[in-house]
Structure formats: structure tokens, C-alpha cells
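Tertiary structure, described
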Amino acid sequence: MKQEAPAPSDQSAKRWWTLPVASLAQLMVVLDATIVNIALPSAQQDLGMTDADRHWVITAYALAFGGLLLVGGRVCGALGHRRAFTIGLVGFALASALGGAAGDAGTLFAARAGQGVFAALLAPAALSLLILTFTDARERGRAFGVFAGVGAGGAALGVVTGGLLTEYADWRWCLYLNIPMAAIALIGVPMILRDRPSGDLRDLDVPGVLLSTAGLVALVYGFTRAEPHGWDDPRVLALLIGGVLLLALFVLVEAKSPKALLPLHILAHKARGTAFVSVCVMFIAMFGFYLFVSYYTQTILGYSPVKAGMTLLVNAVSTSVGAMLIAGKLHRKVSANVLIAGSLLSAAAGMVILTQLEVDSSNVFWVHLTPSMILTGVGLGTLLAAATNMATAQLDHTEAGVASAAYNTVQQVGAAFGTALLNSLATGVTTAYLKDHGNRPEALNAGTVHGYTVALWVAFGVLVCGALAVGLFAKGGGRASRAEGEAVPETSGASS
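Everything quoted here is computed from the prediction, not taken from an experiment.

Here we come to the overall build of the protein. Looking only at helices and strands, the protein features 17 helices and two strands. Relative to the compact-globule value of 23 Å for 496 residues, the protein shows a C-alpha radius of gyration of 22 Å, a close match. The C-alpha extent of the protein, read off along each of the three principal axes, is 70 × 55 × 45 Å. Within the protein, the fraction of its 496 residues that count as buried is 58%. When contacts within the protein are restricted to residue pairs at least 6 apart in sequence, those whose partners lie at least 24 apart make up 86%. Averaging the coordinates of the 30 positive side-chain charges in the protein and doing the same for the 28 negative ones gives two points 9 Å apart.

Right, here's the structure in full:
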């Protein structure tokens, strides 16, 4: 029997507290995907990590987070999203404290995996709370704009924060920072509307859990190992092929399961499918973009880690503008598909600007970096606000958690694939360039920049193809896509 949503008057006193609390949790989760990148050399030296093992500081978090998201979404529903959110906050803070106090590499790796486990619970719970709280179309657009702006800007902000903390404090504060953030969010939890559990873990789809977790872990790990070992490495190929086969088997199992971990109609929904594809495309391009900007500014321009991170602040601010202002103003006036296609093209234009870089380019910050940061940031923020709304449309409280988890999973897979693909492509192009031009210092810099620009052209092509695909969907049902993107969930499990 469907549960009635509380009247708007019952929600009005508390509902807007949900937005800053959920956004803070989302920021914490996204920050930790990038904040340790710049701190990694200091942590490696301090804990005596080998070059072969240091990647586990990044990989442990990515594997646990990406691999367990679908399970986390189902657990959220079974526990109740507010309760799951609270458990996620406490667990994430404890894992962060363990990592910050780590006296050896193994402890740090375990702590990062623990962060990923609780992030897989926290991320879908945060988005689900917004879905259940904001049922009015206008308020949904505003809330998702803020939430997307905070989340999207967090990736760039993580690089900035990591550089500042590493240079002026200690690398351990990249982890300790989560403790006060979680504490502030926990203070706000009592102001979030309660929701009722919508399932039972005794009915958990165990085959679906095992297949989805194994498949996603294999894919993400395969992507992380592709760049250093090559796409033709037997172990990489085994991981990628195995991951695809496991996920294909997962789909077959879910189609027949009465208690499916991921009901397939959630993916088959046209608007939701468009949102998932567009977000995956954007993350493929943008995470490689962030990596290249960080490398280019430090290795070619000679920026310090802090200055390199500060360059990305332009992107973070532009992302917030795109999510909160542009998407917020246009989401009720423009078809969601058109808004998403325009966002992908904006990011593509930003990529093109950086493809014009040469090793001796002058006035790089103002002529190349700043306009590129603005266009990619506006595109990313606008897309995420629109896609978050589309991806969570027409859901009741029983599906909010798993749909939120699927949305976050698409982001994680896209980011892992994009980083591996574009970085390995850039490295391969640079290696080929040096074979033709020798290993002189000037050739090394020129080859590095050439590798970046070729990879950015590929990212441009990915974004344009994504925009064309979304445009074709819009041509087939522009008005429908707008309605689906703004649809209000029929029911909600929230209660005061």
C-alpha cells in the first residue's frame, strides 16, 4: 500500500535543512576522491610506501565506493534513508580518523577502503533524502541545483584543499578534515524529515549483490591498472572482460528476480537513461581534464601544488554558477534534453581551447586556462543539476535509494574509465613523439603537451558524440523529456 506524502505545511519548517546537510555530506564524499592526490607523495615518504603500492591509497577508496554503491542503495531503503545517512556519516568519520592516524601503509589502505564502504551508503542516502523531501517541481530544481553545484565543484576543490593542507599543515589533515565536516552534518540530522524503511535485508537479492559487486570492482580495478600496464596487458583484459560478463549476467539475473537489487525499469526509463548516459560521458571527459590541468600547470608552467590547485578554483566557481544559476533559471523553461546537450557542448568548447596549447604558449592563464575552466565548469554544473533531476524523476520512496545508487555508480565508472583512457592515450602519444624527436628536455616538454592535446581532442569527441545522442533523444520527444525531468514523485516515505 502506498504511503501518503506529508502535507507541504508539515514539511515547511524542516525541509530546507535537508539541503545543506545532504550537500555537506556529498561534498565530503567527492572531496575524498581527489583530496589525497596531491598529498600522496608526502604520505608515501612518511609511511614508506613503495611506488608499486602507493596507488592503493586511491584505488582502495574507488573500488569500495564504486563496487558497493548498488548494495548501499538497497541498504538505505531497508534501514530508512535518514538512519542510513547517519550511519554513513559516523562510519566515514571513524575511517577518516583511522587513516589520518595511520602509522603504516596497510592501515592507510584499510582506512581508505573503509571510507569507500561508508561513502557507498552515504552518497545514495543523501540524494534520496533530497528526492523524498523536495516534491514540488520548482523547489526540486533549486535544491538539485545547489546539491549538484556542491558535488561537482568538490572534485576541483579537493585538489585545492589537498595542496593547501599538504603544504601548510600535514598530509594527514586531508583525512582529518572529514571529522569536523561529519560532525557538523550530524548536528543537522535531527532537522531532516524521518522516512520509513521500504524493505527488508532478509529479502536481499544475494546473487545480484555478488554479481554487481564483483562486476563493478573488476571494471573499476581494470581501469585503474590499464594506464600503468597498458590496455593489452593480460590481467587488465581479464578484469575488463570479466567485469563486463559479470554485469551482463547481473542484468539477466535481475530480469528474473522478484526482489531485484536493481529493478531494470529504473534503467529502461527514457529520461533516466538519458541522464545516466550524459553524466557518464561528462565524467569520462572531465576527470581526464582535471588530471591534465594539474600535470600541465605543475610540470610545464612550474606552478606549485597550491597554485595549480587554485587554478581549478575558477572551474569550481563556474560549476556552482552553472548548477545554481543557469540550470536553476532554465530547467522549467527549456527541455531537459536540450539543456543537457548544451552543457556537453559547453564543456567540449572548453576542451578545444586547451587543445591549442603549445609548449611555448604565452599568457596561458588568461588566454587558455581561464576560458577553458569557465566553459567546462558551467557545462559540468548545468548538466549535473539537470541530469540529477531527470535521473530521480517519477520515483517513490521504495526506489529512491537504488536509483540514487545507480546514478552515483555511473559517475564512478565514468570517472575511472575516463582517467585511465585519456591518461594512457596521452602517455602513449608522448612516448611515440619522443621516439621520433629524441629525449632532449625541450622535446620532452613538447611531447608531453602534444600528448595532452591529443587526449583532449578525444575528450572533445566524446562530449560532442554525447551531445548528438542526447539531441536525437530530444528530437524524438522534446516535450516529454521536459515533463519527465520535472515530474514529481507520486509518493514519499518522509514523515515528521
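Moving on to the packing of aromatic side chains. According to the stated counting rule, one finds 14 aromatic pairs in the structure shown. Ring centres of Phe223 and Phe417 lie 5.0 Å apart, and the angle between their planes is 55°; on these two criteria the pair is classed as tilted. You can see Phe223 sitting in helix H9 (residues 206–229) and its partner Phe417 sitting in helix H16 (residues 397–437), a full 194 residues away along the chain. Between Phe289 and Tyr290, the aromatic rings sit 6.0 Å apart at their centres with planes inclined by 55°, giving tilted as the arrangement. Taken together, the ring pairs connect Phe283, Phe287, Phe289 and Tyr290 into an aromatic cluster.

Take the pattern of salt bridges next. Tallied over the entire structure, the rule returns two salt bridges. Put simply, Arg112 and Asp32 hold a salt bridge, and the shortest N to O gap is 3.5 Å. Taken as a pair, Arg112 in helix H5 (residues 105–133) and Asp32 in helix H2 (residues 15–47) lie far apart in primary sequence, 80 residues in all. By relative accessible area, which is 1% here, Asp32 ends up buried. For the salt bridge of Asp46 with Arg172, the shortest nitrogen-to-oxygen distance reads 3.3 Å. A residue pair is termed long-range when its members are at least 10 positions apart, and Asp46 in helix H2 and Arg172 in the loop between helix H6 (137–168) and helix H7 (173–176) qualify at 126 residues. Judged by its relative accessible area of 42%, Asp46 falls in the partly exposed class. You can call Arg172 buried: its relative accessible area is 18%.

Once that is clear, we can look at the environment of Leu262. Here Leu262 lies in the loop between helix H10 (234–256) and helix H11 (264–268). Separated by 191 residues in sequence, Leu262 and Val71 place their C-alpha atoms 9.1 Å apart. Dropping the residues within four chain positions of it, Leu262 is found in contact with Leu70, Arg74, Phe250, Glu254, Leu267, Val402 and Ala406.

Position of His368 among the secondary structure elements: in helix H15 (residues 364–391). Ignoring sequence-local partners within four residues, the contact set of His368 consists of Ile353, Leu354, Gln356, Leu357, Ser361 and Asn363.

Before going further, it helps to examine H15. Helical periodicity: at 3.6 residues per turn, an α-helix aligns residues three or four positions apart in one direction. With 28 residues, H15 ought to run about 40 Å at 1.5 Å a step, and its terminal C-alpha atoms sit 38 Å apart, in line with that. By the largest-angle criterion, Thr370 marks the main kink of H15, which is about 25°, and a proline, Pro371, follows within four residues. Across the 28 residues that make up H15, a large majority, 22, are buried.

Counting residues in each nonpolar core, the largest one holds 128 residues, and the members touching the most others are Phe85, Leu89, Phe289, Leu344, Leu384 and Leu463. For this core, the element with the highest residue contribution is helix H12 (residues 270–300), accounting for 15 residues. Residues Val36, Leu108, Trp171 and Leu175 belong to the second largest nonpolar core, which totals 16 residues.

Of note, Val429 is situated in helix H16. Among the residues examined, Val429 registers a relative accessible area of 17% and is labelled buried. Counting along the chain gives 22 residues from Val429 to Gly451, while the straight-line C-alpha distance between them is 5.0 Å. Ignoring any residue separated from it by four or fewer positions in sequence, one finds Val429 in contact with His450, Gly451 and Val454.

The next subject is a nonpolar patch on the surface. A grouping of Val317, Val321, Met324 and Leu325 is seen on the molecular surface, where their side chains present a nonpolar patch of about 330 Å² in accessible area. Structurally, Leu325 is set in helix H13 (residues 305–330). Its relative accessible area of 49% is what places Leu325 among the partly exposed residues.

The full count for this structure, using the stated rule, is zero disulfides. Here Cys280 stays free of any disulfide, with the sulfur of Cys465 as its closest cysteine sulfur at 13 Å. Accessibility expressed as a relative area gives 23% for Cys280, which makes it partly exposed.

Per-chain confidence: the protein averages 85 in pLDDT, with 92% of residues scoring 70 or above. In the model, residues 478–496 has pLDDT below 50 throughout and makes 57 contacts with residues more than four positions away in sequence or in other chains.

Taking 1.5 Å per residue, 24 residues should reach 34 Å; H9 reaches 33 Å between its end C-alpha atoms and fits that length. Just downstream of H9, Gly230 is the residue with a positive phi angle, here 95°.

Let us look at a positive patch on the surface. Together, Arg138, Arg142, Lys329, Arg332 and Lys333 line one region of the surface with positive charge. Locating Lys333 in the fold gives a position in the loop between H13 and helix H14 (336–355).

All right, on to the packing of H12 against H15 then. In the contact formed by H12 and H15, the axes pass within 10 Å of each other and the chain directions differ by 155°. Taken as axis vectors, H12 and H15 run roughly antiparallel relative to one another. For H12 against H15, the interelement crossing comes out left-handed.

Geometrically, a packed helix pair is captured by the angle between its two axes and the distance between the axes. The contact between H2 and helix H4 (residues 81–100) brings their axes to 12 Å, and the two run at 40°. For the element pair H2 / H4, the angle class is oblique. As for the relative orientation of H2 and H4, their crossing is left-handed in sense. Residues Val21, Ala22, Ala25, Met28 and Asp32 of H2 lie in contact with H4, whose contacting residues are Phe85, Leu89 and Phe92.

Criteria and thresholds
Residue positions within a chain follow its written sequence, with the count starting from 1. With pLDDT at 70 or above as the cut-off, local features in this predicted model cover only qualifying residues; side-chain atom pairs require 80 or more to be listed or tallied, and sums for whole chains, interfaces and linings still use all residues. As a rule here, side-chain values cover all heavy atoms of the structure and leave hydrogens and water aside. Think of it this way: any DSSP run of H or I at least four residues long counts as a helix, any run of E at least two long counts as a strand, and we number them from the N terminus. Our radius of gyration is a C-alpha quantity, and the globule rule it is checked against amounts to 2.2 Å times the number of residues to the power 0.38. The buried label goes to any residue with under 20% of its type's maximum accessible area, the exposed label to any with over 50%, and the partly exposed label to all in between, with areas taken from a 1.4 Å probe on protein chains only. By definition in these notes, contact holds between two residues if any of their heavy atoms fall within 4.5 Å. Within this scheme the basic residues Lys and Arg register as positive and the acidic residues Asp and Glu register as negative, but His and the chain ends are omitted. To locate a charge, take atom NZ for lysine, CZ for arginine, CG for aspartate or CD for glutamate. Planes of paired rings set the category: under 30 degrees apart is stacked, over 60 is edge-to-face and the rest tilted, where pairs are Phe, Tyr or Trp rings (Trp by its six-membered ring) whose centres lie within 6.5 Å. In what follows, salt bridge is the name for a side-chain nitrogen of Lys or Arg lying within 4 Å of a carboxyl oxygen of Asp or Glu. Each residue after the first adds 1.5 Å to the expected span of a helix. Two axes enter the bend calculation: one fitted to the seven residues ending at the residue in question, the other to the seven starting there, and the bend is the angle between them. For this analysis, a nonpolar core means a set of buried residues of the types Ala, Val, Leu, Ile, Met, Phe, Trp, Tyr and Cys, connected via side-chain atoms within 4.5 Å. Grouping into patches uses exposed residues only, defined as over 30% relative accessible area, and leaves out salt-bridged ones; the cut-off is 9 Å for like charges and 5 Å for nonpolar side chains (Val, Leu, Ile, Met, Phe, Trp, Tyr). Residue burial considers only the protein chains on display, and all accessible areas are found by Shrake-Rupley using a 1.4 Å probe. Defined by distance alone, a disulfide is two cysteine sulfur atoms within 2.5 Å. The predictor's confidence in any single residue is recorded as pLDDT, a number from 0 to 100. Each axis is a line fitted through C-alpha atoms, and for a helix only the stretch in contact is used; angles between axes span 0 to 180 degrees, taken between their N-to-C directions. By the definition adopted for this analysis, an angle is roughly parallel if under 35 degrees, roughly antiparallel if over 145, roughly perpendicular if from 65 to 115, and oblique otherwise. Crossings are classed by handedness, with left-handed meaning an anticlockwise turn of the near helix from the far one by less than a right angle and right-handed meaning a clockwise turn.

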